[in-house]
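Structural overview
Listed here are the chains, written in short residue letters.
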Amino acid sequence: MAKIASPPLGPVEPAPEDLDDYMSMTIAEPPKSAEKETYTQRRIRKQRQADARSRPKSKAELAAAAHAARDDALSTALPSTSKGFQMMAKLGFKPGAALGASSNPNARTEPLNIAVKEDRGGVGMQSEKKRKFREEVEGVEKKQKAEEGGYRERVGREREEKRIEGLFWGAMRLLEGLELPEGGDEVPANKVNLLWRGLVRERQEKERERRARYDLARSLSRSAAYEDPEEDEYDRQALGKEVEEVEDEDEELDEFLGLEGEERLRTLVEYLRQEHRYCFWCKFRYEDEKMEGCPGWKEDDHD
Amino acid sequence: MDRSSDSQDHGRIKRQKTEDTDSRYFEEDDDDGGVKLGNFGQAVEVKLKKEDLAKSDRYTEGLDTSVAKISKKKRKREEETDQAPNPYLAHQYEETPKKKELDPRANPYLAHRYEEPAEDEGSYNGYSNGYGRPAKRMNGVSNASSMARFPRHKSTAAMARNAEDGPNNPFSGQLLSSQYFSILKTRRNLPVHQQRDEFLQMYQKSQFLVFVGETGSGKTTQIPQFVLFDDQPHIQRKLVACTQPRRVAAMSVAQRVANEMDVTLGDEVGYNIRFEDVTSQKTILKYMTDGMLLREAMNDNNLNRYSTIILDEAHERTLATDTLMGLLKEVAQRRPDLKIVIMSATLDAQKFQSYFNDAPLLAVPGRTHPVEIFYTPEPERDYVEASLRTVLQIHASEPEGDILLFLTGEEEIEDACRKIRLEADEMIREADAGPLTVYPLYGTLPPSQQQKIFDPAPPPSRNGGRPGRKCIVSTNIAETSLTIDGIVYVVDPGFSKQKIYNPRIRIESLLVSPISKASAQQRAGRAGRTRPGKCFRLYTEAAFKKELIETTYPEVLRSNLSSTVLDLKKLGIDDLVHFDLMDPPAPETMMRALEELNYLACLDDEGNLTALGKLASEFPLDPTLAVMLISSPEFYCSNEVLSLTALLSVPQVFVRPASARKRADEMKALFAHPDGDHLTMLNVYHAFKGPEAQASPKRWCHDHFISLRALQSADNVRQQLKRIMETHEIELVSVPFEDKNYYTNIRRALVAGFFMQVAMKEGNSKTYVTVKDNQNVILHPSTALQTESDWLLYNEFVLTTKNYIRTVTTVKPEWLMDIAPTYYDITTFGKGPVKSALQRTIDKVRRKEATKGGRR
């Protein structure tokens, strides 16, 4: 049976035609199991096939089908059953031979191929693209290979980093509890101890975000495009159209937060010990300077 | 090399193939197969003169260096001696003492051969090609000419030179004019003259000679004259033929040579192109298209009229040239007296040598200025955009000199011109650049506009301002067919539109493809014609080396060979399989050709010409069209089919300028026939022939967006075809226009020729599938078709990113099976929608007949 590139098209045919189509359809499908299909199964399958056939194809599908049919035909030599072949044979042509004088090295056996240019890429662009694509694929493969071995290591490292980050934030909150002035007076963020200032800024940011969202929710009733000719800068600020100026950059804090997690945690732990005689690992505030009873300043010491 | 651009003549009217791109459908056709007549005639003529006069213009790259060296020395010597202060004394300078010695007159042993020139001014030398010469000659009027009793095939350059110096015309016997002598002087400055002796020796020794020299070396005009003096066809009662791939070249070169020889065109020197024979009984040198020589060979298989055949521009490798070369190889064996000179550009000389049994080679170097070649560091993303950028950059920063940019097709060229003009205007305003005039150049451009490219570059816009320049944006017409002086910069994106044929899906289409290295060199050479130039290649050097093929594939590999096979049959070549072509095509191409001719009943199953085949080969048409035309009387519409055949043989009749697409479409709708494009074209033709249009054809065509030129050439073709029909007693019939079958008859007649180009609708979709090849195709947007039809006959299968069928007409499956029963034999079809549709048709017809029978 002839190989077909796409499911047969055409109007839904009367029964015998249908049978033909279905015969050719099955080729593309996985081999049938030995079990006999039930009536229902058969009905559903036929229904599906009919649906697939009646569905109008998209332009892209049509183009792809046309392309496939063309490429298929272009790569298939004319069969020896063709009339032309038989006529040539009568003139003494042997299959596989070339035309012309037998000694001619220029004789072709295959027709010239057709290449349709589909873009305006310059000469050499196509092969350049292919080369880049190949390189990229190779690059990705290499990377994947390199990573496969280090996967466990990487996951472990990531988990550790996360844990240390958590400990760091915990330590900050602890320090805040120790250092926050009694009475809860607001202290400007930049006056707060650098070691837990991060916590303050985080809170401020969250608050700002919450307020912005609230403003937005309230202002939704007003068209975003509405421009009040009389509103001034303050109105706009009030209406949340203009974001409040963010406080001065805190370079000191940025620098501190930019450090490695372990480094930050170590600084905090040491500070707690020195200033507050508090061991982060024992979770205990010692009375004396020597902090007797604490096995050491490292986490490992507290196992 | 794709030299199909301009009006080539294959001796056949080619069916019109048009280029295409998605929705744009007013397109040029580079391969118009020679229907256009001499639009370039004048231009080329003028140019040729300049070319010949020009001291140098050749591109020496790729030349055999040893040859180049030798002739450089020679040239130097010649140049020294040639410095004649007085042009009227030029010929005297030519005679250096050394050369005098060679003059056989000076040789006492040969003295008896040379009579003193007769004073009798009007006398003939008495020799011409001898077809019924005037009685005068027979009376033996004194052999006035200095070349009388030249030893045939033993003459020397000096003898010939002597004869050329007059005072009487060695061929006509007339006293030579002063104009003759002034031309003679410049002729002798041409590179080929330096090697006249060498040429003669080789020519005398060998049956085949390969002569290499590029345009401007003077080979096309001079070599045939060299041959005349030695071969003396007038004594042999034969002719010397020089073939040209292009009609225009044949005409203009013949005119030039007639001037050089001081004779009237059509007397001693003439030309013969399709539909135009300017020769006479006196003619001894005939310029002709290679297609014409092939036609002659069909009736005279040994080419007995000719003593020497010169194939010029053989490197262009047109279908006709290749066929001729194969034929001449065979004829040469049968006729040892026939001499054959193959003239080619440098690049594939060795291939020619080995093909012609290791023929000797003579090369004349060209004299060109060096051309500096630049490559891009990276491949370009968009070659059009890159070429515009390059042109503007040249204009901004390079010294004076004109620019030639090569692009692929009309639409692309017009678009580029528009953009360059816009940008250049801005450059003038903002950067004080010089003025820049931009000219498009392509085959379908009206002649008046083609002429404009020869206008000089614009002057500076103000005194002391920067110099202006012109920029020509051209198809590969400007690569070889036509020479424009003043070009200093060439921009070469590396693409051209080339014809391609594939027998597996039977498609013949014009596709944008990368050019060959040979083409790239040729393009670069265009920059060095007047002074040292620059060529900007918009690709990397690596791409030049790796991606470009060496030489463009010859036409024989890129064409449907059904006409060629018919020609070969007519030429008496029966063993088509072993016919010695220089580049034999794939066997499948030949299979398809044989098959097509067999289905058309031009060949029988044994491959012999049938009566129909013989008749079809009388027409300068594709076999499909010829068969359609011959069978049209059976359908009572040969008048209409004749018009239609003519219309299908000329460029697109509908004009659709970018600026007025909507209006053009509206006008086209006026002519639209619901059954399709063929009938629509016929409507146009009939309207054009009507009194209203004939009152003022130019105006009418302009108003209706119709190409007057296309219709005029259709008229011309129609006349020629009609004559052939009359000779072969093919009736010209019509039914009255009111007859209800008027159009049906025509549609049925179309089927008689085009039954192998039919597509069937696929289900409910808009797509069609081609019968037998099963290719999915859609209707070209330009179609005038308004009826829903399951079956369409098409003129063309156009390949782009989509597969289109173009110029379509509705047909009925009953007709197909009735008119082409062998092709539509249902048992030969594989399972599929086409087969089932045909089966249904058979059943329907059977039922109808059964009911009819029952009624009886």
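Coordinates for the structure precede this section.
I will try to describe carefully the structure that is included in this document. Bear in mind the structure is a predicted one, so any value in this text is a computation, not a measurement.

Parameters and conventions
- Residues numbered from 1 in each chain as written.
- Chains lettered and ligands numbered in written order.
- Predicted model: local features only at pLDDT ≥ 70, side-chain atom pairs only at ≥ 80, totals over all residues.
- Heavy atoms only, no water.
- Helix = DSSP H or I, 4+ residues; strand = E, 2+ residues; numbered from the N terminus.
- Buried < 20%, exposed > 50% of the residue type's maximum accessible area, 1.4 Å probe, protein only.
- Areas by Shrake-Rupley, 256 points an atom, 1.4 Å probe, with all protein chains shown as cover.
- Pairing = 2+ DSSP bridges.
- Axes fitted to C-alpha atoms, helices over the stretch in contact; angles between N-to-C directions.
- Contact = heavy atoms within 4.5 Å.
- Core = buried A, V, L, I, M, F, W, Y, C linked by side-chain atoms within 4.5 Å.
- Phe/Tyr/Trp six-rings, centres within 6.5 Å; stacked < 30°, edge-to-face > 60°.

**Regarding the overall build of chain B**
When its secondary structure is counted, chain B shows 33 helices and 21 strands. Out of the 856 residues in chain B, the part that is buried amounts to 63%. When the accessible surface of chain B is summed, it comes to about 32000 Å², and 50% of that surface belongs to carbon and sulfur atoms.

**Thoughts on the sheet that holds strand β10 (residues 402-406) of chain B**
All names here are of chain B. In space, the six strands of this open sheet follow the order β9-β16-β13-β10-β12-β11, with parallel pairing throughout. With partners counted over all chains shown, the strands left at the sheet margins are β9 (371-375) and β11 (436-441), one partner each. In this sheet, adjacent strand axes meet at a mean angle of 20° when their direction is disregarded. Where β10 meets strand β12 (residues 469-474), four bridges bridge the pair, whose relative direction is parallel. Bridging from a neighbouring strand, L404 pairs with I472 of β12. Across the sheet, helix α19 (residues 517-525) is in contact with β9, β10, β13 (487-492) and β16 (533-537); its angle to β16 comes to roughly 140°.

**Examining the nonpolar core**
All names here are of chain B. Counting 151 residues, the largest nonpolar core has F619, W791 and Y824 as its most contacted members. Those residues in contact with Y824 that sit more than four places away from it in its chain are F755, V758, V771, L816, M817, F829 and L838. Within the second largest apolar cluster, 39 residues are counted, among which are F171, I223, F226 and V227.

**As for the sheet that holds strand β6 (residues 306-311) of chain B**
All names here are of chain B. One open sheet accounts for eight strands, arranged β4-β3-β5-β2-β6-β7-β1-β8; its pairing is mixed. Either end of the sheet is taken by a strand with one partner, and the two such strands are β4 (276-278) and β8 (361-363). Pairwise comparison of adjacent strand axes, ignoring direction, gives a mean angle of 20° for this sheet. Bridge analysis of β6 against strand β7 (residues 339-344) gives four bridges, and the strand direction is parallel. Among the inter-strand pairings, I309 is bridged to a residue of β7, identified as I340.

**Comments concerning the packing of aromatic side chains**
All names here are of chain B. All told, the structure shown has 25 aromatic pairs over all chains when counted by the stated rule. Plain terms: the ring middles of Y375 and F544 are 5.9 Å apart, the flat faces sit at 55° to each other, and that makes the pair tilted. Here Y375 is found in strand β9, whereas its partner F544 is found in helix α20 (residues 541-547), with 169 residues between them in sequence. Y375 sits in the partly exposed class, given a relative accessible area of 25%. Residues Y599 and Y823 carry aromatic rings whose centres are separated by 4.8 Å and whose planes lie at 90° to one another, so their mutual orientation is edge-to-face. Of this pair, Y599 sits in helix α22 (residues 587-599) while Y823 sits in the loop between α32 (813-819) and α33 (833-855), placing them 224 residues apart in sequence. Neither Y599 nor Y823 differs from the other in exposure class; each is buried. Grouping aromatic residues by their ring pairs yields a cluster made of Y599, F755, Y823, Y824 and F829.

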